[in-house]
Amino acid sequence: GEHRFSPDSLTLETGKLYVLRLENPSANEYYFGSQGLADAVYSRKVVVLGAEAKVLAEVYGPVRRVELKPGAVVEWWFLPVRTGRFEDVMSTRSHTEAGMRATIDVK
């Protein structure tokens, strides 16, 4: 019944390739977005995974926000190119007000 990101804080380094795995184990739709992070990374691709981690789709280009349907798994491959502290990681306004927040530091 909680609305939260887990983990709710990450520390990344510029120049390293990361795969941010987003999973939605709930029965509700959720979003993942951070305008600050989106502006500080080069997005290599987003991979949509199905049953048994089968790749269903790959999306290329800038990423601003990802909607995760119930049971969805998405991998966002990106390279941080700018440092900063991004406290704007959120789902929806109501979820944010309920405490669903996260912070990403890029060193």
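So, here's what we can say about the structure. (Residues numbered from 1 in each chain as written. Predicted model: local features only at pLDDT ≥ 70, side-chain atom pairs only at ≥ 80, totals over all residues. Heavy atoms only, no water.)

**Quick look at the overall build of the protein chain**
Point 1. Assigned secondary structure in the protein chain consists of two helices and nine strands.
Point 2. Listed N to C, the secondary structure of the protein chain is β-β-β-α-β-β-β-β-β-α-β in terms of helices and strands.
Point 3. Relative to the globule expectation of 13 Å for 107 residues, the C-alpha radius of gyration of the protein chain, 13 Å, shows essentially globular dimensions.
Point 4. On the principal axes, the C-alpha backbone points of the protein chain span a range of 35 × 35 × 20 Å.
Point 5. Per-residue burial for the protein chain yields a buried fraction of 38% across its 107 residues.
Point 6. Taking all contacts inside the protein chain whose residues are at least 6 apart in sequence as the whole, residues at least 24 apart take part in 77%.
Point 7. Accessible surface, the protein chain: about 6,600 Å² in total, of which carbon and sulfur atoms supply 50%.
Point 8. Considering the protein chain, the positive charge centre built from 14 side chains and the negative charge centre built from 14 side chains are found 3 Å apart. (Helix = DSSP H or I, 4+ residues; strand = E, 2+ residues; numbered from the N terminus. Rg over C-alpha atoms; globule rule 2.2 N^0.38 Å. Buried < 20%, exposed > 50% of the residue type's maximum accessible area, 1.4 Å probe, protein only. Contact = heavy atoms within 4.5 Å. Areas by Shrake-Rupley, 256 points an atom, 1.4 Å probe, with all protein chains shown as cover. Lys, Arg positive; Asp, Glu negative; His and termini not counted. Charge placed at Lys NZ, Arg CZ, Asp CG, Glu CD.)

**A look at the pairing of strand β4 (residues 41-49)**
Point 1. Looking at chain direction, β4 and strand β7 (residues 73-80) are connected through eight bridges and run antiparallel. The partner of Val41 across the bridge, within β7, is Pro80.
Point 2. In this antiparallel pair of consecutive strands, β4 and strand β5 (residues 55-59), the connection spans five residues, and Glu52 shows a positive phi of 55°. (Pairing = 2+ DSSP bridges.)

**Examining the pattern of salt bridges**
Point 1. Counted under the stated rule, the structure contains nine salt bridges.
Point 2. In this structure, Lys16 and Glu13 form a salt bridge, with 3.4 Å as the shortest nitrogen-oxygen distance.
Point 3. Of the charged contacts in the structure, one is a salt bridge between Lys45 and Glu58, with a shortest N-O distance of 3.7 Å. Taken as a pair, Lys45 in strand β4 and Glu58 in strand β5 lie far apart in primary sequence, 13 residues in all.
Point 4. Owing to a relative accessible area of 15%, Lys45 belongs among the buried residues under this scheme.
Point 5. Linked through salt bridges whose partners overlap, the residues forming this network are Arg21, Glu23 and Glu75. (Salt bridge = Lys/Arg side-chain N within 4 Å of Asp/Glu carboxyl O.)

**Some points on the side chain of Asp105**
Point 1. Summarising the element assignment, Asp105 is placed in strand β9 (residues 102-106).
Point 2. Side chain to side chain, Asp105 and Arg85 meet in a polar contact 2.8 Å long.
Point 3. Ignoring sequence-local partners within four residues, the contact set of Asp105 consists of Leu10, Thr11, Leu12, Gly84 and Arg85. (Polar contact = N/O pair within 3.5 Å; in protein donor to acceptor, adjacent residues only side chain to side chain.)

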